[in-house]
Amino acid sequence: MRYLVTGATGAIGSAVVEQILGSRASEPDDVPEADPRLGADDVLRVFVRNADRFRDRFPDAPVEVAEGNALTPIDVRSAVADVDVVVHCVNFPIARYHQNVEAARLLVTAVGEDRPHLVFPGNTWVFGSPDPPITPTTPFDPPSRLARLKAETDAVLTNAPFPTTVVHLPDFYGPYVTNDLVRPLFARPVAGNSVVFPAPVDVPHEFVYVADAARALLAVAGEETAENRRYTVGTEPTTVRKFVRRAYDAAGTDGRVWGLPPWVVRVAALFSDRVRAVADILHVFATDVTMSGAAIREDVGFEPRVGYREGVRRTVAWYDSEGV
Ligand SMILES: NC(=O)c1ccc[n+]([C@@H]2O[C@H](COP(=O)([O-])OP(=O)(O)OC[C@H]3O[C@@H](n4cnc5c(N)ncnc54)[C@H](OP(=O)(O)O)[C@@H]3O)[C@@H](O)[C@H]2O)c1
């Protein structure tokens, strides 16, 4: 199998690389959740903007590194040449989120005759306020501009003339996951500080340990398919408050967990572009967007392996050691 992982310096992209290699460079403990899959005839290529950044994390890994920009046609064309599977993990910052649609269009055009199987990490933003649990047949109802752009990216990829599998994943957490929403849930407990979250904290919510998210993408990548497929991954419903309490327990510290009511965020958004952009995705914390993992379990045997107790313990250990 010849794999291409785009966005391989990012949270999920680097976890996918780690799983393909079967190495656990970011794992503090020797827990066997990686399924090594890079055999003698297999090839792993990554598409990154900065090869040095990739090599900082995977110094000696047997990986072809294609350096380039996901918005530059010639770079994308040479990256996708001669691969069987593309795991598309490029992501643009919220302020430039529309570029995800542009990058998806470019990828579809660049693929040409080879018809690889494309695997794409979907999220929960696109479903609006459905009756839980969300399943692969739950219709999209994106309630915000960012959610509509995510749905549009999904549509570009699923309308492509090659098979695409979308795997909708809960919010990632784990080593190297440092986005603006998740970082405070670990960094502040590690520092013994209280957490103020920009959304309600007592609504059912799911998180997925990033190594499990990567395993879900690879579980579908290995399957031959001529058609598009869609899966949802469920873990275990919790709440932001209970999740953060686990982080305090693991860190051996204590603090309070406050959730801001939506009107406070709306007022703050009037004065800050950054808050306005983040507010566009907070609906997933105000409503129950827990998902069913039944179809992906039945079709490809995927089950998450790292529960919250172990996953939070490892993540706290990583934040503590890295001083993130
Ligand atoms: N985060 C979550 O909880 C979550 C949950 C469900 C689904 N997802 C989906 O998973 C995907 C990846 O998210 P993530 O959180 O892993 O993203 P991320 O950590 O922000 O990583 C984004 C990656 O894209 C690369 N990139 C950005 N602009 C690029 C460009 N112009 N050319 C080439 N590469 C570029 C980045 O490279 P640099 O390192 O050079 O910046 C980085 O490797 C997204 O589709 C997201 O919606 C995320």
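Heads up: the structure comes first, above all this text.
Residues numbered from 1 in each chain as written. Predicted model: local features only at pLDDT ≥ 70, side-chain atom pairs only at ≥ 80, totals over all residues. Heavy atoms only, no water.

## Concerning the overall build of the protein chain
Part 1 of the argument: Along the protein chain, the regular secondary structure elements total 13 helices and 11 strands.
Part 2 of the argument: In terms of overall dimensions, the protein chain is globule-like: its C-alpha atoms have a radius of gyration of 19 Å, near the 20 Å expected for 324 residues.
Part 3 of the argument: If one aligns the C-alpha atoms of the protein chain with their principal axes, the spans along those axes are about 55 × 40 × 40 Å.
Part 4 of the argument: For the protein chain, the residues scored as buried account for 52% of the 324 residues in total.
Part 5 of the argument: Restricting to contacts in the protein chain with at least 6 residues of sequence separation, those with at least 24 account for 78%.
Part 6 of the argument: Carbon and sulfur atoms make up 49% of the accessible area of the protein chain, which amounts to about 14,200 Å² in all.
Part 7 of the argument: Each charge sign in the protein chain was given a centre, from 33 positive and 43 negative side chains, and these centres are 6 Å apart. (Helix = DSSP H or I, 4+ residues; strand = E, 2+ residues; numbered from the N terminus. Rg over C-alpha atoms; globule rule 2.2 N^0.38 Å. Buried < 20%, exposed > 50% of the residue type's maximum accessible area, 1.4 Å probe, protein only. Contact = heavy atoms within 4.5 Å. Areas by Shrake-Rupley, 256 points an atom, 1.4 Å probe, with all protein chains shown as cover. Lys, Arg positive; Asp, Glu negative; His and termini not counted. Charge placed at Lys NZ, Arg CZ, Asp CG, Glu CD.)

## Topic: the side chain of Thr-124
Part 1 of the argument: Counting through the fold element by element, Thr-124 comes out in the loop between strand 5 (117–122) and helix 5 (145–158).
Part 2 of the argument: In this view, Thr-124 contacts Leu-169, Val-284, Val-289 and Met-291; residues no more than four positions away in its chain are not counted.

## Some points on the site of the ligand
Part 1 of the argument: Around the ligand, the structure places 24 residues, and the nearest of them are Thr-9, Arg-49, Arg-53, Ala-70 and Lys-150.
Part 2 of the argument: Between an oxygen atom of the ligand and a main-chain N or O atom of Gly-10, the distance comes to 2.9 Å.
Part 3 of the argument: One nitrogen or oxygen atom from the side chain of Arg-53 is found 2.5 Å from an oxygen atom belonging to the ligand.
Part 4 of the argument: When isolated, the ligand has an accessible area of 920 Å², and the protein chains bury 86% of it.
Part 5 of the argument: Residue assignment for the shell around the ligand shows that the elements contributing at least two residues are helix 1 (11–21), strand 5 and strand 7 (171–173). (Near = heavy atom within 4 Å. Polar contact = N/O pair within 3.5 Å; in protein donor to acceptor, adjacent residues only side chain to side chain.)

## Concerning a negative patch on the surface
Part 1 of the argument: Together, Glu-223, Glu-224, Glu-298 and Asp-299 line one region of the surface with negative charge.
Part 2 of the argument: Relative to the elements of secondary structure, Glu-224 occurs in the loop between helix 7 (210–221) and strand 10 (229–232). (Patch = residues over 30% accessible without salt bridge, like charges linked within 9 Å, V, L, I, M, F, W, Y side chains within 5 Å. Salt bridge = Lys/Arg side-chain N within 4 Å of Asp/Glu carboxyl O.)

## Examining unusual backbone geometry
Part 1 of the argument: A cis amide bond links Pro-132 to the next residue, Pro-133, at an omega of 0°.
Part 2 of the argument: By the element assignment, Pro-133 lies in the loop between strand 5 and helix 5.
Part 3 of the argument: In the Ramachandran plot, Asp-82 falls in the positive-phi region, its phi being about 60° despite a non-glycine side chain.
Part 4 of the argument: Mapped onto the elements of the fold, Asp-82 is located in the loop between helix 3 (73–80) and strand 4 (85–88).
Part 5 of the argument: Relative accessible area serves as the criterion here: at 47%, Asp-82 is assigned to the partly exposed category.
Part 6 of the argument: Of note in the backbone geometry, Tyr-176 takes a positive phi value of approximately 70° without being a glycine.
Part 7 of the argument: Relative to the assigned elements, Tyr-176 resides in the loop between strand 7 and helix 6 (183–191).
Part 8 of the argument: For Tyr-176, a relative accessible area of 32% corresponds to the partly exposed category.

## Section: the nonpolar core
Considering soluble globular proteins, one finds that nonpolar side chains tend to be buried as a cluster.
Part 1 of the argument: With 106 residues, the main nonpolar core has Val-16 and Phe-186 as its most contacted residues.
Part 2 of the argument: Considering every element that reaches this core, the biggest residue donor is helix 7, with 10 residues.
Part 3 of the argument: Ignoring anything within four residues of it in the chain, the contact list for Phe-186 reads Tyr-173, Phe-243, Ala-247, Val-312, Thr-315, Val-316 and Tyr-319. (Core = buried A, V, L, I, M, F, W, Y, C linked by side-chain atoms within 4.5 Å.)

## So, the packing of aromatic side chains
Part 1 of the argument: Evaluated as defined, the whole model comprises 14 aromatic pairs.
Part 2 of the argument: Pairing Tyr-173 with Phe-243 gives two aromatic rings, centres 5.0 Å apart and planes at 85°, and the pair type is edge-to-face. Of this pair, Tyr-173 sits in strand 7 while Phe-243 sits in helix 8 (residues 240–251), and the two are 70 residues apart along the sequence. Taken as a pair, Tyr-173 and Phe-243 share a single burial class, namely buried.
Part 3 of the argument: An aromatic cluster is present here, built from Tyr-173, Tyr-176, Phe-186, Phe-207, Tyr-209, Phe-243, Tyr-308, Trp-318 and Tyr-319 joined pairwise through their rings.
Part 4 of the argument: Here the guanidinium or amino end of Arg-57 rests over the ring plane of Tyr-176, the centre of that ring lying 3.6 Å away. (Phe/Tyr/Trp six-rings, centres within 6.5 Å; stacked < 30°, edge-to-face > 60°. Lys NZ or Arg CZ within 6 Å of the ring centre and 35° of its normal.)

## Re the side chain of Asn-100
Part 1 of the argument: With respect to the element layout, Asn-100 can be found in helix 4 (residues 99–111).
Part 2 of the argument: A relative accessible area of 7% means that Asn-100 is categorised as buried.
Part 3 of the argument: In this structure the side chain of Asn-100 is engaged in a polar contact, spanning 3.4 Å, whose partner is the side chain of Asn-91.
Part 4 of the argument: The residues touching Asn-100, leaving out its near neighbours within four places in the chain, are Val-90, Asn-91, Phe-92 and Thr-153.

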